[in-house]
Amino acid sequence: MSFDDIIVTGGAGFIGSNFVHWVIDNQPGVHVTVLDALTYAGNRDNLVGIPGDRLTFVHGDICDAALLDDIVPEAGAIVHFAAESHNDNSIADPEPFVRTNVEGTYRLLEAARKHGTRFHHISTDEVYGDLALDDPARFTEETPYHPSSPYSSTKASSDMLVRAWHRTYGVEATISNCSNNYGPRQHIEKFIPRQITNILSGLRPKLYGDGRNVRDWIHVDDHSSAVWEILNRGRSGETYLIGADGECDNLHVLRHILELMGKSPDDFDWVRDRPGHDRRYAIDSSKLRRELGWEPVHTSFQEGLESAIQWYADNKSWWETAKSEVEAKYAQSGQ
Ligand code: NAD
Ligand code: TDX
């Protein structure tokens, strides 16, 4: 089944906007309706350059059932990225996470049920909790849910709602759980852009705890191509894990950035650890590769980091106004 008119929730955020650009560039004839509340993490400029006849932008909230009744009947599918997405924010104030991630997903599922709309839910590997550093295991679709943070517990809750709406009401739904994304337009509160923009601003990068926590990095365009395959060819009711075998600990990632930006390897500060900080994430994406033939293409982390650094250097106006506020918030929590 191929969809030529899709709603993308959260399409003005980091991954959502990269997905919209990817669809416009790679899938001729597809029209996208972005539904986005433009929170602190959403930016209308993230969609600049997309031809007007291929994009409709709706400024609104996924919790607004009446608005969903207006726009969902026109669409063949909903691809649901909208979320409160930052762990540290969820520790400081979980409430918006429960509202957007749990209630918002519920509202969208109700709209999909009412209008018979295909639903693809974007989720995270964090729902599985964490792995030990010396554990050879990786997450699979069978790994039990064990979320640690307010953020990941609301994402786990939303996944459960999707599974229930599929099984009980027959909503045509798939879920993908992806590892840590990086690339252009990622908010500067997140690890890689925070360190790059610190260096560009003359500030020292900040590393939490002992720096040995491992994340499994994937370029955002590889996430987009996987989501497209699952949306169009995935089996309804199934979960697919998305990952590109990119495990690396935070200290190595930071030292890589320092090197690429001409700094010495110790030009950073060790700061207070994140409460409940997950130790390691690692994805086994063999189901996606086997069933749908998907493969990542942006497999050089060095090239991906170089182009991310270039993007933040070339687009200072995109992030400079938010920088002092983001850093003031981190300073309050000793990070
Ligand atoms: P982001 O914070 O950059 O963007 C979120 C977008 O959602 C913003 O445009 C925001 O305005 C919008 N939004 C928030 N609340 C809304 C609401 N109530 N109604 C409508 N729009 C709303 O997030 P991101 O990093 O791009 O993550 C996108 C999705 O991918 C999330 O569901 C996240 O859980 C998931 N995910 C992220 C990663 C990652 O590494 N960043 C990895 C795996 C999964
Ligand atoms: O300044 C920092 N220093 C630091 O050491 C920041 C912001 C983070 N860190 C560490 C914490 C993590 O171990 O870097 C790692 C990555 O941190 P984040 O960018 O906050 O990502 P993470 O918490 O791993 O979650 C991300 O991946 C999964 C996304 O934000 C989630 O939305 C996604 O679900």
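In this convention, every chain numbers its residues from 1, walking through the sequence in written order. To read the labels, note that chains go from A and ligands from 1, taken in the order they are written. Given that the model is predicted, a residue must reach a pLDDT of at least 70 before its local features are reported, and side-chain atom pairs must reach 80 or more before they are shown or counted; all residues, however, enter totals for whole chains, interfaces and linings. Side-chain calculation: all heavy atoms of the structure are included, whereas hydrogens and water are not.

A look at helix α7 (residues 220–233)
Since the α-helix advances by 3.6 residues per turn, residues separated by three or four positions end up pointing in the same direction.
So, step 1. With 14 residues, α7 extends 20 Å between its outermost C-alpha atoms, agreeing within 8% with the 20 Å of an ideal straight helix rising 1.5 Å per residue.
So, step 2. Relative accessibility decides the category of a residue: with a 1.4 Å probe and only protein chains considered, values under 20% of the type maximum give buried, values over 50% give exposed, and everything between is partly exposed. Numbering of helices and strands runs from the N terminus; a helix is a DSSP stretch of H or I covering at least four residues, while a strand is a stretch of E covering at least two. Counting buried positions along α7 yields 11 of 14 residues, so the element is predominantly enclosed.
So, step 3. Buried residues of α7: V220, D222, H223, S224, S225, A226, V227, W228, I230, L231 and N232, and no others. To estimate the expected span of a helix, count its residues, drop one, and scale the result by 1.5 Å.

With respect to the site of ligand 1
So, step 1. Near residues are defined by distance, with any heavy atom within 4 Å of the molecule or strand qualifying the residue. Residues in contact with ligand 1 amount to 28 residues; listed here are only the nearest, I15, D36, S85, Y151 and K155.
So, step 2. Here a polar contact is taken to be a pair of N or O atoms separated by no more than 3.5 Å, where protein atoms must pair a possible hydrogen donor with a possible acceptor and residues adjacent in sequence count only if both atoms sit in side chains. At 3.0 Å from a nitrogen atom of ligand 1 is found a side-chain nitrogen or oxygen belonging to D61.
So, step 3. A distance of 2.9 Å separates an oxygen atom of ligand 1 from a polar atom in the backbone of F81.
So, step 4. The Shrake-Rupley method, run with a 1.4 Å probe, gives the accessible areas here. Residue values count only the displayed protein chains as cover. Protein burial of ligand 1: of its 840 Å² of free accessible surface, 96% is covered by the chains.

With respect to the site of ligand 2
So, step 1. Taken together, 22 residues surround ligand 2, and among them E126, Y151, R215, R274 and H277 come closest.
So, step 2. Between an oxygen atom of ligand 2 and a side-chain N or O atom of Q195, the distance comes to 3.2 Å.
So, step 3. Contact with the protein chains hides 94% of the accessible area of ligand 2, taken as 660 Å² for the molecule alone.
So, step 4. Broken down by secondary-structure element, the contributors of at least two residues to the shell around ligand 2 are α6 (191–200) and β8 (206–208).
So, step 5. When residues are sorted by character, Ala, Val, Leu, Ile, Met, Phe, Trp, Tyr, Cys and Pro go into the nonpolar class, Asp, Glu, Lys and Arg into the charged class, and all the rest, Gly among them, into the polar class. In the shell around ligand 2, the residues fall into 6 nonpolar, 9 polar and 7 charged.

Re helix α10 (residues 301–314)
So, step 1. Look at α10: 20 Å from first C-alpha to last across 14 residues, which is about the 20 Å you get at 1.5 Å a residue.
So, step 2. Along α10, the positions that sit buried rather than exposed are F301, G304, L305, A308, I309, W311 and Y312. Down the axis, α10 shows its buried residues gathered within 160° of arc, on one side only. In α10, the exposed positions that point more than 90 degrees away from the buried face belong to E303 and D314.
So, step 3. The contact definition used throughout considers only heavy atoms, calling two residues in contact when any of these lie within 4.5 Å. Residues of α10 that are buried in the fold lie against β7 (181–182), α6, α8 (250–260) and α11 (316–332). In this context, the arc is that of the directions from the helix axis out to the C-beta atoms.

With respect to the packing of aromatic side chains
So, step 1. Any Phe, Tyr or Trp ring, taking Trp's six-membered ring, that has another such ring centre within 6.5 Å forms a pair; planes under 30 degrees apart are called stacked, those over 60 apart edge-to-face, and the others tilted. Summed over the entire model, instances satisfying the criterion amount to 15 aromatic pairs.
So, step 2. Measuring from centroid to centroid gives 5.3 Å for Y128 and F139, while their planes differ by 35°, and the two rings are tilted. In this pair, Y128 is assigned in the loop between β5 (118–124) and α5 (150–169) and F139 in the loop between β5 and α5, connecting sequence segments 11 residues apart. The pair formed by Y128 and F139 is uniform in burial state, with each residue classed as buried.
So, step 3. The interplanar angle of 80° and the centroid separation of 5.0 Å between the aromatic rings of W311 and W318 together place this pair among those described as edge-to-face.
So, step 4. Aromatic ring contacts, followed pair by pair, group Y128, F139, Y145 and Y281 into a single cluster.
So, step 5. For a Lys NZ or an Arg CZ to count as sitting over a ring, it must be within 6 Å of the ring centre and within 35 degrees of the ring normal. Cation over ring: R113 sits above Y169, and NZ or CZ is 3.7 Å from the ring centre.
So, step 6. A cation sits over an aromatic face here: K287 above Y240, 4.7 Å from the ring centre.

Quick notes on the pairing of strand β6 (residues 173–178)
So, step 1. The buried fraction of β6 is high, at 6 of 6 residues.
So, step 2. Of the two faces of β6, the one lined by A173, I175 and N177 and the one lined by T174, S176 and C178 are each fully buried.
So, step 3. Pairing of β5 with β6, which is carried by 6 bridges, proceeds in the parallel orientation. Pairing of I122 across the sheet is with S176, part of β6.
So, step 4. Crossover connection from β5 via α5 to parallel β6: handedness right-handed.
So, step 5. As defined by bridge partners, β6 adjoins strand β11 (residues 239–242) across 4 bridges and the pair is classed as parallel. A pair of strands is considered paired only if DSSP assigns at least 2 bridges between the two. Handedness of a crossover is defined as follows: with both strands directed away from the viewer, a clockwise route from the first strand across the helix to the second makes it right-handed.

What about the pairing of strand β4 (residues 77–80)?
Looking down a regular strand, the side chains alternate between one sheet face and the other.
So, step 1. Neither face of β4 is exposed, since A77 and V79 on one face and I78 and H80 on the opposite face are all buried.
So, step 2. With 4 bridges joining them, strand β1 (residues 5–9) and β4 adopt parallel strand pairing. Opposite I6, over in β4, you have A77 as the bridge partner.
So, step 3. Where β4 meets β5, 4 bridges bridge the pair, whose relative direction is parallel. Pairing of A77 across the sheet is with R118, part of β5.

A few points about the nonpolar core
So, step 1. Joining through side-chain atoms within 4.5 Å is the link that ties buried Ala, Val, Leu, Ile, Met, Phe, Trp, Tyr and Cys residues into a set, and such a set is a nonpolar core. I6, F19, V20, V32 and I242 are the most contacted members of the largest nonpolar core, which totals 31 residues.
So, step 2. Elements represented by at least two residues in this core include exactly β1, α1 (14–26), β2 (31–36), β4, α7, β11 and α9 (286–292).
So, step 3. Setting aside chain neighbours within four positions, we find I6 in contact with F19, V30, H31, V32, T33, A77, V79, W228 and L231.
So, step 4. In this structure, L207, W217, L258 and Y330 belong to the second largest nonpolar core, which totals 26 residues.

What about the environment of V48?
So, step 1. Within the secondary structure, V48 is located in the loop between β2 and β3 (55–59).
So, step 2. Judged by its relative accessible area of 57%, V48 is exposed.
So, step 3. Along the backbone, V48 and D222 are 174 residues apart, and their C-alpha atoms lie at a distance of 21 Å.

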